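Inside the fold
So the chains spell out like this:
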Amino acid sequence: MNKLWTPIAHRIVQGLGVQPGELINVRDDTGNLAVLLETMLAIERVGATPLPQLTPAAYMQRLWTEAPQDYLAQWDQHRGTWMHQIDRIVVLAGARPDFDQIPQEAFATWQEAEHRLSIIEEERRLPYLLVAIPTEQRAQQLGLSLESLEAMLLPALGASIEELQREISQVLKIAQDGQMITIRSGDGHELRMVHGNRRWLSDDGYIDATDQSQGAIVSNLPAGSIYTTVLEDQTEGSLWLPRADQATDVVLHFNGGRITRIEASSGAEALTAELDSHSGEPRRVGHIGLGLNPYLDRPIGWTLVDEHVHGHVFISLGENRYMGWPE
């Protein structure tokens, strides 16, 4: 195992704010036993107790395929008790399951049980740290070798709180004074958003007491970004993207805060259908931000990583209620 994993495990525990005597839910989506054990040991070093939950993609696909339907319907039976006991959650995120290869009825049954756990988690406002872990399967999904993915991610995962806070503070000094946000992209496209007095938030990979008091209970590793939301009904203009979902050479046209037209060299209908499949406000700007991790210099197609690439703007679609707006 790479020698960097020991300090990274310490960084995970530090970022989650683990305290002595706490019970920490460690959800492992990777199947990488060495990384899981290193993380658990780091938790125990500060006097807390890890509660591991093994959910790697291959395991979950077999669970949905092979477990009895009645068991999947009560998958939360004991896990619900754990959810009422744990103090914090860390998720070691790896490869995505292949959802095309699973029985949909069984998966839907499991989802209902998993949703009940999510309700408990949200009600308790548990601090939650999501960590991008390089694995062989994830590297294949991204079209990379494991060695190159590790070379890119491990330094970014280990970025200290102090160096990320320095990057963040320098940019926030400028961003906080603005009332408008404008993105110029492609061949003459301009998207104009009204920021108003919405708060700028930051992700330094550390959930401290101040974050929790403001409702910011979720953080990521790699970290390093600032982000905010905009006035919901005042986004105007157009935004060019080289790719959006499966569509390519995409132009999103906004009027009155919503996407009113989608152009693309290919995949426009599929992208339209994808937006229409969501409830709420999938055609509004949810939030916008700037990546500031000094160890990330290019996107790789993994959102958890790409939204922290240094100097890269990211934008999400959908409602922004999780950020406390509309007020």
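Residues numbered from 1 in each chain as written. Predicted model: local features only at pLDDT ≥ 70, side-chain atom pairs only at ≥ 80, totals over all residues. Heavy atoms only, no water.

This part takes up the overall build of the protein. Counting secondary structure elements, the protein contains 12 helices and 14 strands. Projected onto its principal axes, the C-alpha positions of the protein cover 55 × 45 × 40 Å. The buried share of the protein, reckoned over its 327 residues, is 49%. In the protein, 72% of the contacts between residues at least 6 apart in sequence involve partners at least 24 apart. Placing the 25 positive and 45 negative side-chain charges of the protein at their respective mean positions leaves the two points 3 Å apart. (Helix = DSSP H or I, 4+ residues; strand = E, 2+ residues; numbered from the N terminus. Buried < 20%, exposed > 50% of the residue type's maximum accessible area, 1.4 Å probe, protein only. Contact = heavy atoms within 4.5 Å. Lys, Arg positive; Asp, Glu negative; His and termini not counted. Charge placed at Lys NZ, Arg CZ, Asp CG, Glu CD.)

This part covers the confidence of the model for the protein. Taken as a whole, the protein shows an average pLDDT of 91; of its residues, 98% reach a score of 70 or greater. Per-element mean pLDDT across the protein ranges from 78 in helix α10 (residues 209–213) up to 97 in strand β1 (residues 23–28). (pLDDT = per-residue confidence, 0-100.)

So, on to helix α1 (residues 5–16). Between its first and last C-alpha atoms α1 spans 16 Å; for 12 residues at 1.5 Å apiece the expected length is 16 Å, and the two agree. The set of residues buried in α1 consists of Trp5, Ile8, Ala9, Arg11, Ile12, Val13, Gly15 and Leu16. Residue Gly17 follows α1 closely and has a positive phi angle near 75°. (Expected span 1.5 Å × (residues − 1).)

To continue, consider the sheet that holds strand β6 (residues 189–194). Spatial ordering of the open sheet is given by β5-β6-β10-β11-β12, a layout of five strands whose pairing is antiparallel. Since the sheet does not close on itself, it has two edges, and those belong to β5 (180–185) and β12 (258–266), each with one partner. Between one strand and the next, the sheet's axes are offset by a mean angle of 30°, whatever the strand orientation. One ladder, built from six bridges, connects β5 with β6; its direction is antiparallel. Residue pairing in the sheet places Met180 in a bridge with Val194 of β6. Relative to the sheet, helix α11 (residues 268–276) contacts β10 (236–244), β11 (247–255) and β12, its axis offset from that of β12 by approximately 150°. (Pairing = 2+ DSSP bridges. Axes fitted to C-alpha atoms, helices over the stretch in contact; angles between N-to-C directions.)

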